[in-house]
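Close look at the chain arrangement
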Amino acid sequence: MKAIETKNITKKFGNFLAVDHISFEVFKGEIFGFLGANGAGKTTAMRMLCGLLKPTSGEGRVAGYDIYKESDKIKKNIGYMSQKFSLYEDLTIKENMRLFGGIYGMNTKNIKIKTEQLLKELSLEAEKDILVKSLPLGIKQKVSFAVSTFHSPEIVFLDEPTGGVDPIARRTFWEMIYHASNNGITIFVTTHYMDEAEYCNRVSIMVDGRIQALDTPAGLRKKYNATTMDEVFQLLARGAKRE
Ligand SMILES: Nc1ncnc2c1ncn2[C@@H]1O[C@H](COP(=O)(O)OP(=O)(O)OP(=O)(O)O)[C@@H](O)[C@H]1O
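Now for a description of the structure that goes with this document. (Residues numbered from 1 in each chain as written. Predicted model: local features only at pLDDT ≥ 70, side-chain atom pairs only at ≥ 80, totals over all residues. Heavy atoms only, no water.)

**Structural notes on the overall build of the chain**
When you go through the chain residue by residue, the secondary structure sums to nine helices and 10 strands. Here the C-alpha radius of gyration of the chain, 18 Å, is about what a compact globule of 243 residues would show, namely 18 Å. Dimensions of the chain along its principal axes, counting C-alpha atoms only, are 50 × 40 × 35 Å. Per-residue burial for the chain yields a buried fraction of 50% across its 243 residues. Residue pairs at least 24 apart in sequence account for 67% of intrachain contacts in the chain once pairs closer than 6 positions are excluded. (Helix = DSSP H or I, 4+ residues; strand = E, 2+ residues; numbered from the N terminus. Rg over C-alpha atoms; globule rule 2.2 N^0.38 Å. Buried < 20%, exposed > 50% of the residue type's maximum accessible area, 1.4 Å probe, protein only. Contact = heavy atoms within 4.5 Å.)

Structure representation (structure tokens):
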């Protein structure tokens, strides 16, 4: 089953073509890496998929819903996490979980059950009443991911979720991603870390608004005769006109 389908999605800002006819599919439970240099158009594309921005043209379905007509349904069926938009710093871990559960429309009983379950899974039961602002970044990101999947969405969009954390914390974070994917949640993730690109089932690389390459990491390495995803990325991004 397809979690995301797009056909020739395009976004123009004035005369500037930020996203240029992108077409791709993401399968249910897949971990899909969405890569591209700065300004390639990733955030714009992701905003269109999340129902936050209308495309100029093209077609798309997310979780089975039309991105033009059913953006409200899309919002209910997805989770979203970014480095910039995440938790309320002046609330505790538990309060954040409750708050987001409420925002996602869950009832009090389910929020309570899910909060306890997540605190246990994250081994954060002892820290549940600590204010988020006093937590290390790696823990914040774990909690932030947990909150984005709190309502068991079909798809979770992660916009550079591991920015600024050390490699060990990033590895732990990816274990959570695998766990969610094993439970059938589709993961759509942007990252600038090429070791993380290797962890994805498939990866697309955007250059100047277009999808320049899309395959498994092994398939891309083979195609571009490269030993690492970093080499593949450098080869493709070198041709970029945007900075
Ligand atoms: N609202 C807007 N109006 C005009 N131009 C925009 C707007 N939003 C984005 N752009 C331009 O579209 C291009 C793509 O931007 P976008 O933020 O999607 O790239 P990105 O791949 O996410 O980059 P980064 O990795 O730096 O976040 C950039 O040149 C950007 O300046």
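We are not done yet, so read on.
**Thoughts on the sheet that holds strand β1 (residues 2-13)**
The four strands are arranged β2-β1-β4-β5 in an open sheet whose pairing can be described as antiparallel. The open sheet has two free edges, formed respectively by β2 (16-27) and β5 (65-66), since each of these has just one partner strand. Bridge count between β1 and strand β4 (residues 57-62): five bridges; the pairing is antiparallel. Looking at β4, one finds that Thr6 is bridged to Gly60. With respect to the sheet, helix α1 (residues 42-49) is in contact with β1, β2 and β4, its orientation differing from that of β1 by roughly 120 degrees. (Pairing = 2+ DSSP bridges. Axes fitted to C-alpha atoms, helices over the stretch in contact; angles between N-to-C directions.)

**Points about the site of the ligand**
Around the ligand sit Phe13, Phe16, Ala18, Ala37, Asn38, Gly39, Ala40, Gly41, Lys42, Thr43, Thr44 and His192, and those are all the residues in its vicinity. Note that an oxygen atom of the ligand is positioned 3.1 Å from one of the backbone N or O atoms of Ala40. In this structure, an oxygen atom belonging to the ligand sits 2.8 Å away from a main-chain N or O atom of Gly41. When the free accessible area of the ligand is taken as 630 Å², the share hidden by the protein chains comes to 61%. (Near = heavy atom within 4 Å. Polar contact = N/O pair within 3.5 Å; in protein donor to acceptor, adjacent residues only side chain to side chain. Areas by Shrake-Rupley, 256 points an atom, 1.4 Å probe, with all protein chains shown as cover.)

**A word on the packing of aromatic side chains**
Counted under the stated rule, the structure contains 11 aromatic pairs. Taking 5.4 Å as the distance between ring centres and 10 degrees as the angle between the ring planes, the aromatic pair formed by Phe24 and Phe32 counts as stacked. Side by side, Phe24 and Phe32 carry an identical accessibility label, which is buried. Between Phe24 and Phe34 the ring centres are 5.9 Å apart and the planes differ by 40 degrees, which places this aromatic pair in the tilted class. Of the two residues, Phe24 is situated in strand β2 and Phe34 in strand β3 (residues 31-36); the sequence distance between them amounts to 10 residues. What makes Phe24 buried here is its relative accessible area of 4%. Look at Phe34 and you get buried, because its relative accessible area is 0%. In this structure an aromatic cluster arises from ring pairing among Phe24, Phe32, Phe34, Phe157 and Phe188. (Phe/Tyr/Trp six-rings, centres within 6.5 Å; stacked < 30°, edge-to-face > 60°.)

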